[in-house]
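An overview of the molecular structure
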Amino acid sequence: MSEQVFFISMEGRSDFFIENFQVREDVPLPVLASSESLSKEDITADNIILGMFRVIRDNENDENIDYYRDFIYTVKPDVDAQLTGAALEAENNGDYADAIDIYTGLLRLNPESPEHILNIAVCYNEYSLYLFDKGKEEIALQMEEQAFSFFKILDELAEKKNTCSDTDRKSVV
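Worth saying up front: this structure is predicted, and the values here are computed from it rather than measured.

Let's talk about the overall build of the chain
Counting its secondary structure elements, the chain contains six helices and four strands. Helices and strands in the chain line up, N terminus first, as β-β-β-β-α-α-α-α-α-α. Overall, the chain is about 55 × 40 × 30 Å in size when its C-alpha atoms are taken along their principal axes. A buried classification covers 42% of the 173 residues belonging to the chain.

What follows is the structure, encoded as structure tokens:
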């Protein structure tokens, strides 16, 4: 069964807080649920964060993206480290598509992060090497091109800020 994002209205809920974040009435909250219907048990801060993350990952032009970012970083300030760990674990297990999905979401959540840019570049590069080994040259070349585009962004950032190096890549503890 696939996960779905449901949006719940917050209309009429003034002065409502989820943990230490004051929720706006005018923005429906996305909730990630693992079934085809939403139950009361699905409505948790973590599932709201996962729903927001999915919306950010899949629609970088969503009109509520800044609000979602504020919510996520207020309720779960260590989200970057947690999701990076999950992405690295997926990558180490050869689940490159899952890792790329997580890295894409992280990059859209925090687009100026050299660490996120580096992580997605390395993941695409490792994926391309894996695909070359499997004889899937056409898709491997596409992944290699993606890796190159992110390494190029990283180089441009490094030229501007001169602060990023390969040692910035985070690892799973």
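Having seen the structure, we can now continue with the description.
A word on the confidence of the model for the chain
Mean pLDDT over the chain: 90, with 91% of residues reaching 70 or higher. The lowest-confidence element of the chain is strand 2 (residues 16-18), averaging 91 in pLDDT; the highest-confidence one is helix 5 (residues 114-133), averaging 97.

Focus: helix 1 (residues 45-58)
Within an α-helix, residues lying three or four positions from one another point in the same direction, as the helix has 3.6 residues per turn. A rise of 1.5 Å per residue sets the reference length of helix 1, with its 14 residues, at 20 Å; its end C-alpha atoms lie 20 Å apart and thus fit the reference within 8%. Extensive coverage of helix 1 is indicated by the burial of 11 of its 14 residues. Among the residues making up helix 1, those that are buried are Ala45, Asn47, Ile48, Ile49, Gly51, Met52, Phe53, Arg54, Val55, Ile56 and Arg57. Buried residues in helix 1 make contact with strand 1 (4-8), strand 2, strand 4 (29-33), helix 2 (65-75), helix 3 (79-92) and helix 4 (96-109).

Quick look at the nonpolar core
With 49 residues, the main nonpolar core has Leu29, Phe71 and Tyr103 as its most contacted residues. Of all elements in the fold, only strand 3 (21-23), strand 4, helix 1, helix 2, helix 3, helix 4, helix 5 and helix 6 (137-161) reach the threshold of two or more residues within this core. Here this core takes nine residues from helix 5, the largest share from any one element.

Details of the packing of aromatic side chains
Remark: the centre distance and the inter-plane angle together describe each pair of aromatic rings, the angle taken between the planes. Tallied over the full model, the rule gives six aromatic pairs. With a centroid separation of 5.0 Å and 70° between ring planes, the pair formed by Phe21 and Phe71 is classed as edge-to-face. Highlighted residues: Phe21 in strand 3 and Phe71 in helix 2, separated in sequence by 50 residues. For the residue pair Phe21 and Phe71, the accessibility class agrees, reading buried in each case. Centre to centre, the rings of Tyr124 and Phe150 are 5.9 Å apart; their planes meet at 10°, and the pair counts as stacked. Taken together, the residues span a long stretch of sequence, with Tyr124 in helix 5 and Phe150 in helix 6 at a distance of 26 residues. In this structure, Tyr124 and Phe150 share a single accessibility class: buried. Connected via pairs of aromatic rings, a cluster forms that spans Phe21, Tyr67, Tyr68 and Phe71. Directly above the aromatic system of Phe16 lies the positively charged group of Arg13, at a separation of 4.5 Å from the ring centroid. Taking NZ or CZ as reference, Arg24 lies 4.9 Å from the ring centre of Tyr67, over its face.

Quick notes on the pattern of salt bridges
In the structure shown here, the tally under the stated rule is six salt bridges. Note that Arg54 and Glu3 form a salt bridge whose closest N and O atoms lie 3.0 Å from each other. You can see Arg54 sitting in helix 1 and its partner Glu3 sitting in the segment before strand 1, a full 51 residues away along the chain. In this structure, Arg57 and Asp58 form a salt bridge, with 2.7 Å as the shortest nitrogen-oxygen distance.

How each quantity is defined
Residues numbered from 1 in each chain as written. Predicted model: local features only at pLDDT ≥ 70, side-chain atom pairs only at ≥ 80, totals over all residues. Heavy atoms only, no water. Helix = DSSP H or I, 4+ residues; strand = E, 2+ residues; numbered from the N terminus. Buried < 20%, exposed > 50% of the residue type's maximum accessible area, 1.4 Å probe, protein only. pLDDT = per-residue confidence, 0-100. Expected span 1.5 Å × (residues − 1). Contact = heavy atoms within 4.5 Å. Core = buried A, V, L, I, M, F, W, Y, C linked by side-chain atoms within 4.5 Å. Phe/Tyr/Trp six-rings, centres within 6.5 Å; stacked < 30°, edge-to-face > 60°. Lys NZ or Arg CZ within 6 Å of the ring centre and 35° of its normal. Salt bridge = Lys/Arg side-chain N within 4 Å of Asp/Glu carboxyl O.

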